[in-house]
Amino acid sequence: MKQPNNIILADSISAFIGGIVTLALSSLLSEWYHLSSALILFIGFVNILYGCYSGFISFRLLSGNYIKNEFVIILIIANSLWAGHCFTQVWYLQDISSIFGLLHLGLEGLYVIGLAYLEVKFLLSILNPKKP
């Protein structure tokens, strides 16, 4: 059960850190990435909101409380949707964004889709153990 704890904790912490750094450096990132300030701020705020949600689930898991499957499924769907958003933005902004902006969005998309996979594989399996 330790591995799912680490996955959900890494999910929450990385979202918070990513959101805070993005918001703190939003004007610099906007200039460096050749992206609008509104998009950079949106990315930062979504990361922080997601960090709050995954932090709630992480806290419940780490304190030994029951976690409803629906909460985890929402988490997995949110990761998948955010990955789709990131990949769509890479495609949509490829002509105007710098390579650094495209890399940021693409790597964030890969990271969160990887987290979604790990959450399906490990977190749902401890919530729904297979019965013989």
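Structure shown above.
Source: prediction; values computed, not measured.

Caption draft 1: Representation of empty space enclosed by the protein in the model. Under the definition given, this model contains 1 cavity of 30 Å³ or more. Here the largest cavity is characterised by a volume of approximately 30 Å³. Lining the largest cavity are Thr 22, Leu 29, Tyr 33, Leu 35, Ile 40, Ile 43, His 104 and Leu 105. Contributing elements (two or more residues each) for the lining of the largest cavity: α2 (26-33), α3 (37-62) and α5 (99-127). Across the lining of the largest cavity, the residue classes tally to 6 nonpolar, 2 polar and no charged.

Caption draft 2: Broad picture of the side chain of Ser 26. On the secondary structure map, Ser 26 appears in helix α2. What Ser 26 contacts, discounting residues up to four positions off in sequence, is Ile 40 and Leu 41.

Caption draft 3: View of the packing of α2 against α3. Here α2 crosses α3 at 125 degrees, and the two axes come no closer than 9 Å. Relative to α3, α2 is oriented oblique. Along this stretch, α2 crosses α3, giving a crossing that reads as right-handed. Within the contact between the two elements, α2 uses Ser 26, Leu 29, Ser 30 and Tyr 33 and α3 uses Ser 37, Ile 40 and Leu 41. Along the lines of polarity and charge, the residues of the contact of α2 with α3 split into 4 nonpolar, 3 polar and no charged.

Caption draft 4: A look at α3. Across its 26 residues, α3 extends 36 Å between first and last C-alpha, which sits within 8% of the 38 Å expected from 1.5 Å per residue. Among the residues of α3, Leu 39, Ile 40, Ile 43, Gly 44, Asn 47, Tyr 50, Gly 51, Ser 54, Gly 55, Ile 57, Ser 58 and Leu 61 are the ones counted as buried. Directly after α3, the chain includes Gly 64, whose backbone phi takes a positive value near 80 degrees.

Caption draft 5: Representation of the layout of surface pockets. A volume near 320 Å³ is recorded for the largest pocket. Lining of the largest pocket is provided by 18 residues; of these, Ser 14, Ala 15, Asn 47, Glu 108 and Val 112 occupy positions nearest its centre. Sorting the residues of the lining of the largest pocket by element identifies α1 (2-24), α3, α4 (69-93) and α5 as the ones contributing at least two each. Looking at side-chain class alone, the lining of the largest pocket contains 10 nonpolar, 6 polar and 2 charged residues.

Caption draft 6: Broad picture of a nonpolar patch on the surface. There is a patch of nonpolar side chains on the surface, built from Trp 32, Phe 87, Ile 99, Phe 100, Leu 103, Leu 107, Leu 110 and Ile 113 and spanning about 780 Å² of accessible area. Tallying contributions element by element places α5 first for the nonpolar patch, with 6 residues. Its location among the elements puts Leu 107 in helix α5.

Caption draft 7: Broad picture of α2. Taken residue by residue, α2 has Ser 26, Leu 29, Ser 30 and Tyr 33 as its buried positions. In a view along the axis of α2, the buried residues occupy a sector of 105 degrees, so they form one face of it. Summarising the geometry of α2, the exposed residues directed more than 90 degrees from the buried face are Ser 27, Leu 28 and Glu 31. Positive phi shows up at His 34, right after α2, with a value of about 60 degrees.

What counts, and at which threshold
Residues numbered from 1 in each chain as written. Predicted model: local features only at pLDDT ≥ 70, side-chain atom pairs only at ≥ 80, totals over all residues. Heavy atoms only, no water. 1 Å grid on protein atoms, 1.4 Å probe; cavity = no way out; pocket = protein on both sides within 12 Å on 5 of 7 lines; lining within 4 Å. Points joined across faces, edges and corners; volume = space filled by probe spheres on them. Helix = DSSP H or I, 4+ residues; strand = E, 2+ residues; numbered from the N terminus. Nonpolar A, V, L, I, M, F, W, Y, C, P; charged D, E, K, R; others polar. Contact = heavy atoms within 4.5 Å. Axes fitted to C-alpha atoms, helices over the stretch in contact; angles between N-to-C directions. Parallel < 35°, antiparallel > 145°, perpendicular 65-115°, else oblique. Left-handed = near helix turned anticlockwise from the far one by under 90°. Expected span 1.5 Å × (residues − 1). Buried < 20%, exposed > 50% of the residue type's maximum accessible area, 1.4 Å probe, protein only. Patch = residues over 30% accessible without salt bridge, like charges linked within 9 Å, V, L, I, M, F, W, Y side chains within 5 Å. Areas by Shrake-Rupley, 256 points an atom, 1.4 Å probe, with all protein chains shown as cover. Salt bridge = Lys/Arg side-chain N within 4 Å of Asp/Glu carboxyl O. Arc of directions from axis to C-beta.

These values are about where atoms sit, not about what they do.
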